[in-house]
Amino acid sequence: MTPVSVFLSVLFFTLLGMAYVKGYDAVKRRSPENLVQFYLIMATIRMVLVATVVALYVVFSTDREKTIEFAAMFIIMYAIMMVVTLTMRH
């Protein structure tokens, strides 16, 4: 696994986390009754984006071992992000 792929993965999840926090704060301020819908929409968007990134890496990668390492790392990072999101209190 290259340092560039690790850096880009961390950047990807950082941007997703920031989007979630900013969106959560905005929805909570304007219409708190829609927080459940916001969470479900963001969870769907995150899942689709993660699956898309992993699928693109699998399609365009030539090294099977690096592909497996990347997919495992990305899915573990996704799981950690979901745990943090579910336990975070605003």
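The rules we used
- Numbering of residues starts from 1 in every chain and runs along the sequence as written.
- This being a predicted model, a pLDDT of at least 70 is required before a residue's local features are given, and a value of 80 or more before pairs of side-chain atoms are given or counted; all residues contribute to the totals for chains, interfaces and linings.
- To obtain the side-chain values, all non-hydrogen atoms of the structure were used and water was disregarded.
- Angles shown run from 0 to 180 degrees and are taken between the N-to-C directions of axes, each axis being a line fitted to C-alpha atoms and, for helices, limited to the stretch in contact.
- Secondary structure elements are taken from DSSP: a helix is a run of H or I of four residues or more, a strand is a run of E of two residues or more, and numbering for both begins at the N terminus.
- Roughly parallel refers to an angle under 35 degrees, roughly antiparallel to one over 145, roughly perpendicular to one between 65 and 115, and oblique to any angle outside these ranges.
- Here a crossing is called left-handed whenever its near helix is offset anticlockwise from the far helix by less than a right angle, and right-handed whenever the offset is clockwise.
- We call two residues in contact when some of their heavy atoms are within 4.5 Å.
- Classes in brief: Ala, Val, Leu, Ile, Met, Phe, Trp, Tyr, Cys and Pro nonpolar; Asp, Glu, Lys and Arg charged; the others, Gly included, polar.
- Patches draw on residues past 30% relative accessible area with no salt bridge. Two like charges within 9 Å are joined, as are two nonpolar side chains (Val, Leu, Ile, Met, Phe, Trp, Tyr) within 5 Å.
- Throughout, the Shrake-Rupley method with a 1.4 Å probe supplies accessible areas, and for residues the shown protein chains are the sole cover considered.
- What counts as a salt bridge is simple: a side-chain nitrogen of Lys or Arg found within 4 Å of a carboxyl oxygen of Asp or Glu.
- Type-normalised accessible area, obtained with a 1.4 Å probe on protein chains alone, sets the label of each residue: buried when under 20%, exposed when over 50%, and partly exposed for intermediate values.
- Between the rings of Phe, Tyr and Trp (Trp by its six-membered ring), a pair exists once the centres lie within 6.5 Å; its type follows the angle of the planes, with under 30 degrees stacked, over 60 edge-to-face, and the other angles tilted.
- Here, a charge over a ring is recorded when the distance from Lys NZ or Arg CZ to the ring centre is within 6 Å and its angle to the ring normal is within 35 degrees.

Trainee: Explanation requested: the packing of helix 1 (residues 3-30) against helix 2 (residues 35-60) in the structure shown.
Mentor: Think of two packed helices as two axes; the pair is described by the angle between the axes and how far apart they sit. Where helix 1 meets helix 2, the closest approach of the two axes is 10 Å, and the angle between their N-to-C directions is 165 degrees. When the interaxial angle is binned, helix 1 and helix 2 end up roughly antiparallel. In terms of crossing hand, the pair formed by helix 1 and helix 2 is right-handed. The residues of helix 2 that touch helix 1, namely those facing Phe12, Phe13, Leu16, Ala19, Tyr20, Gly23, Tyr24, Val27 and Lys28, are Leu35, Phe38, Tyr39, Met42, Arg46, Leu49, Val50 and Val53. Within the contact of helix 1 with helix 2, the residues separate by chemical class into 14 nonpolar, one polar and two charged.

Trainee: Looking at this structure, how should I read a nonpolar patch on the surface?
Mentor: On the surface, Val4, Phe7, Leu8, Leu11, Leu15 and Met18 cluster together to form a nonpolar patch covering roughly 590 Å² of accessible area. One can find Met18 in helix 1. On the accessibility criterion, Met18 (47% relative accessible area) is partly exposed.

Trainee: Whenever I open this one, the side chain of Ser5 confuses me. Can you help?
Mentor: With respect to the helices, strands and loops of the structure, Ser5 is situated in helix 1. Excluding residues that lie within four positions of it along the chain, Ser5 makes contacts with Phe70 and Met73.

Trainee: Would you take a moment to explain the packing of aromatic side chains for this structure?
Mentor: Both the distance between ring centres and the angle between the ring planes are used here to describe each pair of aromatic rings. Across all of its chains, the model carries eight aromatic pairs by this definition. Centroid distance Tyr20 to Phe38: 5.8 Å. Interplanar angle 25 degrees. Geometry classified as stacked. Pair noted here: Tyr20 is in helix 1 and Phe38 is in helix 2, with a separation of 18 residues, a long-range link. Note on accessibility: Tyr20 and Phe38 belong to one class, buried. On the basis of an interplanar angle of 20 degrees and a centroid distance of 3.9 Å, the ring pair of Tyr57 and Phe70 is categorised as stacked. Of this pair, Tyr57 sits in helix 2 while Phe70 sits in helix 3 (residues 64-87); the two residues are 13 residues apart in sequence, bridging distant segments of the chain. Site record: aromatic cluster; members linked through ring pairs are Phe12, Phe13, Tyr57, Phe70 and Phe74. Over the aromatic face of Tyr20 sits the side chain of Arg46, whose NZ or CZ is 5.3 Å from the ring centroid.

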